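Below are the chains, spelled out letter by letter.
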Amino acid sequence: MSTFSSHNFAGQRALIRVDFNVPIKNGTITDDTRIRAALPTINKVLADGGSVVLMSHWGRPLKDIEKKPHLTLADFSLKPVAAYLSGMLDSDVQFADDCISGDAVTKAASLQPGQILLLENLRYYKQEEKGDKDFAEKLSKLGDVYVNDAFGTAHRAHASTEVIAQFFPGDKKMFGLLMEGEVKAAEQVLHNNQKPFTAIIGGAKVSDKILIIENLLDRATDIIIGGGMAYTFFKAEGGQIGNSLCEDDRLDTALELLKKAQDKGVCIHLPADSIIADKFAADAQSSSALSVEVPEGWMALDIGQMAIEQFKKIIGESKTILWNGPMGVFEMDKFQHGTRAIAEAVADATAKGAFSLVGGGDSVAAVNKFGYADKVSYVSTGGGALLEYFEGKELPGIAAIKA
Ligand code: 3PG
Ligand code: MG
């Protein structure tokens with residue numbers, strides 16, 4: 001049994017670092033995935049007869065205010081999340097308008113079993129991102145047990161995610177259930193995978209995905225590359241890509257990755273054909289072409305039918321699947337087919353017994369949009385954190401608990 005599950009929180013205050021960095025537009029939460037994902041951890045503490053102090057960051061207030069002086073700290077408040085969470089939990093969530101001073105201390109000290117307090121945005125203080133020790137120590141006083149459930153922020157070595165752990169003894173710092181689930185799924189894919197292991201990597205830029213591809217070259221059987229980044233590979237190999245996305249300063253990198261894959265016996269699969277458009281717009285004229293023969297004035301915005309068949313076959317034979325990044329501009333109806341087909345293929349492979357992990361903002365948005373979120377093995381709440389994990393880096397938020 002895990003440390004968290006076997007811990008009895010009766011009469012204790014759990015200080016839980018969550019990642020409530022959720023999209024909020026005009027005060028309304030537009031995607032509550034990360035909030036829902038934190039509920040099992042919160043509910044277990046409450047069911048034990050403990051109380052909960054929640055802390056999170058939201059956005060990048062100090063950096064953004066510097067760039068856009070019309071913004072104020074109030075634009076970055078976590079208050080809407082307190083109201084939202086109250087509705088979800090059917091119990092009142094208290095809110096402290098600061099994370100370390102008066103209000104936070106008083107409210108945290110008077111919490112009764114079953115009560116929940118959410119602290120204001122940690123990033124109101126520059127000390128949070130700087131990993132300031134005094135700031136971390138002040139936060140640590142707000143709870144008896146430190147629970148890190150913020151997988152989405154585990155790649156940040158911040159006061160509340162890393163430094164704070166040193167103020168708790170080994171039996172009073174632990175992962176929450178979300179963090180445990182995320183780590184278990186990621187470990188299964190990276191270290192305990194059954195072969196064939198296919199990684200599907202998409203998105204716009206090669207430069208964002210070099211490290212993950214390099215690390216996967218030592219683990220995966222096949223790597224499918226789709227999305228805008230594929231066209232840098234095609235151009236590097238001498239293809240005609242028209243106006244498709246391309247990072248001209250990464251052509252050599254692309255060739256090096258292909259060479260390394262060949263040396264290591266990993267198959268890299270690029271989309272044989274593409275859906276092309278005469279402009280980047282939902283109402284563009286569209287057609288199809290071989291990916292190395294995109295006409296002048298046209299751009300590739302999705303993978304084509306041959307590529308779909310090619311990728312479906314590989315995915316269908318896989319026992320482990322990692323999917324990070326869409327195959328095309330799936331936000332536009334005309335260019336969603338490739339990403340939808342891949343989502344369906346991953347779901348089908350999962351139904352046949354493969355273990356599939358989907359992570360990274362856009363691919364998660366895609367499985368949600370097409371209704372496959374509950375048909376894959378695991379949907380990660382991590383964007384940058386998941387990427388860094390699969391780049392082979394040690395995540396500070398994980399290491400601090402294990403230390
Ligand atoms: C995220 O959404 O990427 C995490 O919450 C971390 O936020 P950050 O990228 O601003 O550190
Ligand atoms: Mg980020």
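Figured I'd write up the structure that's included with this text. (Residues numbered from 1 in each chain as written. Chains lettered and ligands numbered in written order. Predicted model: local features only at pLDDT ≥ 70, side-chain atom pairs only at ≥ 80, totals over all residues. Heavy atoms only, no water.)

## Description of the overall build of the protein chain
At step 1: Looking only at helices and strands, the protein chain features 16 helices and 17 strands.
At step 2: The C-alpha radius of gyration of the protein chain comes to 23 Å, within 12% of the 22 Å expected for a compact globule of 403 residues.
At step 3: The principal-axis extents of the C-alpha atoms in the protein chain amount to approximately 70 × 50 × 35 Å.
At step 4: Burial analysis of the protein chain (403 residues in total) assigns 56% to the buried set.
At step 5: Restricting the contact set of the protein chain to residue pairs at least 6 apart, pairs at least 24 apart contribute 73%. (Helix = DSSP H or I, 4+ residues; strand = E, 2+ residues; numbered from the N terminus. Rg over C-alpha atoms; globule rule 2.2 N^0.38 Å. Buried < 20%, exposed > 50% of the residue type's maximum accessible area, 1.4 Å probe, protein only. Contact = heavy atoms within 4.5 Å.)

## Concerning a nonpolar patch on the surface
At step 1: On the surface, Leu290, Val292 and Met306 cluster together into a nonpolar patch covering about 230 Å² of accessible area.
At step 2: By the element assignment, Leu290 lies in strand 13 (residues 286-290).
At step 3: Judged by relative accessible area, Leu290 falls into the partly exposed class, the value being 35%. (Patch = residues over 30% accessible without salt bridge, like charges linked within 9 Å, V, L, I, M, F, W, Y side chains within 5 Å. Areas by Shrake-Rupley, 256 points an atom, 1.4 Å probe, with all protein chains shown as cover. Salt bridge = Lys/Arg side-chain N within 4 Å of Asp/Glu carboxyl O.)

## Remarks on the packing of helix 12 (residues 305-316) against helix 13 (residues 337-351)
At step 1: Across the interface, helix 12 lies against helix 13 with an axial gap of 9 Å and an inter-helix angle of 20 degrees. Between helix 12 and helix 13, the angle falls in the class roughly parallel. In this structure, the crossing between helix 12 and helix 13 has a hand that is right-handed. Of the residues in helix 13, those touching helix 12 at Ile308, Phe311, Lys312 and Ile315 are His337, Gly338, Ala341, Ile342, Ala345, Val346 and Ala349.
At step 2: Its residues assigned to classes, the contact of helix 12 with helix 13 shows eight nonpolar, two polar and one charged. (Axes fitted to C-alpha atoms, helices over the stretch in contact; angles between N-to-C directions. Parallel < 35°, antiparallel > 145°, perpendicular 65-115°, else oblique. Left-handed = near helix turned anticlockwise from the far one by under 90°. Nonpolar A, V, L, I, M, F, W, Y, C, P; charged D, E, K, R; others polar.)

## Here we look at the packing of helix 2 (residues 33-48) against helix 4 (residues 79-89)
At step 1: Interaxial distance between helix 2 and helix 4 falls to 11 Å at its minimum, and their mutual angle equals 60 degrees. By the angle between their directions, the pair helix 2 and helix 4 is classed as oblique. Crossing geometry of helix 2 relative to helix 4 is assigned as right-handed. Residue-level contacts link Ile35, Arg36, Leu39, Ile42 and Asn43 of helix 2 to Val81, Tyr84, Leu85, Met88 and Leu89 of helix 4.
At step 2: Of the residues that constitute the contact of helix 2 with helix 4, the class distribution is eight nonpolar, one polar and one charged.

## Comments concerning the site of ligand 1
At step 1: Taken together, Asp19, Asn21, Arg34, His57, Arg60, Arg123, Gly152, Thr153 and Arg156 are the residues near ligand 1.
At step 2: Contacts to ligand 1 include Asp19, whose side-chain N or O atom sits 2.8 Å from an oxygen atom.
At step 3: Arg60 places a side-chain nitrogen or oxygen 2.6 Å from an oxygen atom of ligand 1.
At step 4: The residue makeup of the shell around ligand 1, split by class, is no nonpolar, four polar and five charged. (Near = heavy atom within 4 Å. Polar contact = N/O pair within 3.5 Å; in protein donor to acceptor, adjacent residues only side chain to side chain.)

## Brief notes about the pairing of strand 7 (residues 145-148)
At step 1: Alternating residues of strand 7 divide into Val145 and Val147 and Tyr146 and Asn148, and every residue in both groups is buried.
At step 2: Sheet analysis places strand 1 (residues 13-17) next to strand 7, joined by four bridges and oriented parallel. For Leu15, the partnering residue across the bridge sits in strand 7 and is Tyr146.
At step 3: Here three bridges tie strand 7 to strand 8 (residues 173-175), and the two strands are oriented parallel to one another. In the strand pairing of strand 8, Val147 is matched with Met174. (Pairing = 2+ DSSP bridges.)

## So, the packing of aromatic side chains
At step 1: Tallied over the full model, the rule gives seven aromatic pairs.
At step 2: When the ring of Tyr389 is compared with that of Phe390, the centres are 5.2 Å apart and the planes differ by 75 degrees; the resulting orientation is edge-to-face. (Phe/Tyr/Trp six-rings, centres within 6.5 Å; stacked < 30°, edge-to-face > 60°.)

## Observations concerning the pairing of strand 4 (residues 51-55)
At step 1: Across the five residues of strand 4, five count as buried, placing the element largely inside the fold.
At step 2: The alternating pattern of strand 4 places Ser51, Val53 and Met55 and Val52 and Leu54 on opposite faces, both of which are buried.
At step 3: Taken together, the five bridges between strand 1 and strand 4 define a ladder with parallel strand orientation. Bridging across to strand 4, Ala14 finds its partner in Val52.

## Observations concerning the environment of Ala403
At step 1: By secondary structure assignment, the location of Ala403 is in the segment after helix 16 (396-402).
At step 2: Sequence separation of Ala403 and Ala165 is 238 residues, and the distance between their C-alpha atoms is 8.9 Å.

## Things to note about the nonpolar core
At step 1: Grouped together as the largest cluster of nonpolar side chains are 76 residues, with contacts concentrated most on Leu119, Leu139, Leu216, Ile223, Ile225, Phe233 and Phe390.
At step 2: The element that contributes the greatest number of residues to this core is helix 8 (residues 177-190), accounting for seven residues.
At step 3: When neighbours within four sequence positions are excluded, Phe390 is seen to be in contact with Ala186, Val189, Leu190, Ile212, Asn215, Leu216, Leu322 and Leu357.
At step 4: In terms of nonpolar packing, the next biggest core, distinct from the first, is built from 33 residues, Val18, Val22, Leu39 and Leu85 among them. (Core = buried A, V, L, I, M, F, W, Y, C linked by side-chain atoms within 4.5 Å.)

## Details of the pattern of salt bridges
At step 1: A full pass over the atoms with the stated rule returns 19 salt bridges.
At step 2: Taking the shortest distance from any N to any O, the salt bridge between Glu129 and Lys63 comes out at 2.9 Å. Placement of the pair is Glu129 in helix 6 (residues 126-130) and Lys63 in helix 3 (residues 61-67), with a sequence separation of 66 residues.
At step 3: Asp64 serves as the salt-bridge partner of Lys67, at 4.0 Å between the closest nitrogen and oxygen. Highlighted residues: Lys67 and Asp64, both in helix 3, separated by three residues, approximately one helical turn.
At step 4: Linked by salt bridges that have partners in common, Lys63, Arg123 and Glu129 make up one network.

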